[in-house]
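A structural walkthrough
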Amino acid sequence: MSKPIRKAIFPVAGLGTRFLPATKAIPKEMLTVVDRPVVQHVVDEAREAGIEHFVFVTGRGKGVIEDHFDMAYELEDTLRKRNKFAEYDALLADLPKAGATSFTRQQAPLGLGHAVWCAREIIGDEPFAVLLPDMITLPAEKKTSRCLAQVVAAYEKHGGNIIAVEEVRPEETHQYGVVKKGNDYGNSFEITGMVEKPPQGTAPSNFIISGRYILEPEIFGILEKGEKGAGGEIQLTDAMIQLARQRPFHGVFFDGRTYDTGSKLGFLTANVAFGLSRADVKDSLRAEIIKLLG
Ligand code: UTP
């Protein structure tokens, strides 16, 4: 039986250059989608998938993320004194248990692979999840589990390393990591190759790596070498390509949709989609959208 997935890495050290000036003083992970910071949506997804320990790889200017996952005594005290118990209970329900978070720093933004490697001591010798905290997901209608829970289910079936994939139009593949598909097992498949940002027209498929992974700890030994790839950064995909030569990799078709909140369009779309999925605001939001569209 495969070892359970207990820990997840949230690499939050990126500079967010695609979303300036909003991200000059505020980490992009703290921008809000409806009324929750983006990173809270991602932690919610991880908790739903059974994650017990949340490892944040932060950088300078990201301290507010640590504050967000801590108690806020004055605020909690004031809420209680004003009998705002619903708000108080909601804040406490979002809080991970004491000792269930770890924060480490990526001293320079050398790439996603480097950020993951920075968490090696906290993860230790066990398989773990990685969630890109600027990608938030909604399950397909009527489905209850979000992306990471679907990835964990595939891990329980196949073991080894698992990547969530999504289909994009062929003309979009050059912007992403792309996988090559081998044997098909319904909603999962064997990965026989990967390439980061393939030049137009050369991608091995339309299936892109979409921001949720389960990886074996052997990846740290590969990342340790610090080899640079696309954009001069230490790329996670390059390390996964090396690991896939020794260890099994499977893809899982995520049944739902991912929103890249690190881009302006993705962020705006996410607010609409998440708003329309929320019972408390969906009807009035729909009415406003109809009014705006004339
Ligand atoms: P992105 O490339 O989307 O993030 O990296 P970025 O660098 O912040 O964004 P732009 O392109 O400048 O707007 C994907 C994820 O990896 C993290 C980012 O925080 C993001 O969640 N990351 C990236 C790091 O933690 N460290 C890095 O050196 C690079």
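Here's a quick rundown of the structure.

What counts and what doesn't
- Residues numbered from 1 in each chain as written.
- Predicted model: local features only at pLDDT ≥ 70, side-chain atom pairs only at ≥ 80, totals over all residues.
- Heavy atoms only, no water.
- Helix = DSSP H or I, 4+ residues; strand = E, 2+ residues; numbered from the N terminus.
- Patch = residues over 30% accessible without salt bridge, like charges linked within 9 Å, V, L, I, M, F, W, Y side chains within 5 Å.
- Areas by Shrake-Rupley, 256 points an atom, 1.4 Å probe, with all protein chains shown as cover.
- Salt bridge = Lys/Arg side-chain N within 4 Å of Asp/Glu carboxyl O.
- Near = heavy atom within 4 Å.
- Polar contact = N/O pair within 3.5 Å; in protein donor to acceptor, adjacent residues only side chain to side chain.
- 1 Å grid on protein atoms, 1.4 Å probe; cavity = no way out; pocket = protein on both sides within 12 Å on 5 of 7 lines; lining within 4 Å.
- Sits in = over half its atoms within 2 Å of the grid points.
- Nonpolar A, V, L, I, M, F, W, Y, C, P; charged D, E, K, R; others polar.
- Buried < 20%, exposed > 50% of the residue type's maximum accessible area, 1.4 Å probe, protein only.
- Contact = heavy atoms within 4.5 Å.
- Points joined across faces, edges and corners; volume = space filled by probe spheres on them.
- Axes fitted to C-alpha atoms, helices over the stretch in contact; angles between N-to-C directions.
- Parallel < 35°, antiparallel > 145°, perpendicular 65-115°, else oblique.
- Phe/Tyr/Trp six-rings, centres within 6.5 Å; stacked < 30°, edge-to-face > 60°.
- Lys NZ or Arg CZ within 6 Å of the ring centre and 35° of its normal.

On the secondary structure map, K97 appears in the loop between α4 (85-94) and β5 (101-105). Along the primary structure K97 and H53 are separated by 44 residues, whereas in three dimensions their C-alpha atoms are 9.0 Å apart.

Further remarks concern a nonpolar patch on the surface. Residues M71, Y73 and L92 make up a contiguous nonpolar surface patch of roughly 300 Å² in combined accessible area. When you line up the elements, Y73 lands in helix α3 (residues 73-81).

Time to look at the site of the ligand. Around the ligand, the surrounding shell holds 18 residues, and the nearest of these are G16, T17, R18, Q106 and G111. Here G111 contributes a backbone N or O atom positioned 2.8 Å from an oxygen atom of the ligand. Within the contact set of the ligand, an oxygen atom lies 3.3 Å away from a side-chain nitrogen or oxygen of D134. Here the ligand, which alone exposes 570 Å², has 84% of that area covered by the protein. More than half of the atoms of the ligand fall within 2 Å of the grid points belonging to the largest pocket. Each residue belonging to the shell around the ligand can be placed in one class, and the counts come to nine nonpolar, five polar and four charged.

Assignment of secondary structure puts G182 in strand β9 (residues 177-184). Given a relative accessible area of 24%, G182 falls into the partly exposed group. When the C-alpha positions of G182 and G193 are compared, they lie 8.6 Å apart, and in sequence the two are eleven residues distant. In this structure, G182 is in contact with F189, E190 and T192, ignoring residues within four places of it in sequence.

Attention shifts here to the layout of surface pockets. To find leftover empty space, a probe the size of one water molecule is rolled over the atoms. There is about 1500 Å³ of room inside the largest pocket. As for the largest pocket, its lining consists of 46 residues, and the residues nearest its centre are R18, L132, D134, M135 and D260. Secondary-structure elements contributing two or more residues to the lining of the largest pocket are α5 (112-117), β8 (161-167), β11 (207-215), α9 (236-243), β13 (256-260) and α10 (264-276). Among the elements that make up the lining of the largest pocket, the one with the highest residue count is β11 (five residues). Across the lining of the largest pocket, the residue classes tally to 18 nonpolar, 15 polar and 13 charged. The computed volume of the second largest pocket comes to approximately 320 Å³. Considering the residues around the second largest pocket, the lining is formed by 17 residues, among which Q40, H68, A90, L91 and D94 are closest to the centre. For the lining of the second largest pocket, the secondary structure elements donating two or more residues are β3 (36-37), α2 (63-68), α3 and α4. Broken down by element, the lining of the second largest pocket gets its largest block of residues, four residues, from α4.

So, on to the pattern of salt bridges. Under the counting rule described, the total for this entry stands at 20 salt bridges. R18 is the partner of D260 in a salt bridge, and the nearest nitrogen-oxygen pair spans 3.0 Å. With D260 in strand β13 and R18 in the loop between β1 (7-11) and β2 (32-33), this residue pair connects regions lying 242 residues apart in the sequence. By relative accessible area, which is 23% here, D260 ends up partly exposed. R212 is paired through a salt bridge with E45; the nearest N and O atoms lie 2.7 Å apart. Residue R212 is located in strand β11, and its partner E45 is located in helix α1 (residues 38-48); the two are separated by 167 residues in the primary sequence. For the pair shown, R212 and E45 are each scored as buried. Each member of the salt-bridge network shares a partner with another, and the members are R18, K28, D134 and D260.

Now for the packing of α10 against helix α11 (residues 282-292). Two packed helices can be described by the angle between their axes and the distance between those axes. In the contact formed by α10 and α11, the axes pass within 8 Å of each other and the chain directions differ by 135°. The angle between the axes of α10 and α11 places the two elements in the oblique class. Residues N271, V272, G275 and L276 of α10 lie in contact with α11, whose contacting residues are K282, L285, R286 and I289. Looking at the contact of α10 with α11, its residues break down into four nonpolar, two polar and two charged.

Here the focus is the packing of aromatic side chains. All chains considered together, the criterion is met by ten aromatic pairs. On the basis of an interplanar angle of 20° and a centroid distance of 5.0 Å, the ring pair of F10 and F56 is categorised as stacked. In this pair, F10 sits in strand β1 while F56 sits in strand β4 (residues 53-58), placing the two residues 46 residues apart along the sequence. Like F10, the residue F56 is buried in the burial classification. Ring centres 5.1 Å apart and planes at 10° place the aromatic pair F128 and F220 in the stacked group. Highlighted residues: F128 in strand β6 (residues 128-131) and F220 in helix α8 (residues 218-223), separated in sequence by 92 residues. Like F128, the residue F220 is buried in the burial classification. The ring of F189 carries K181 above its face, with NZ or CZ at 5.8 Å from the centroid.

These values are about where atoms sit, not about what they do.
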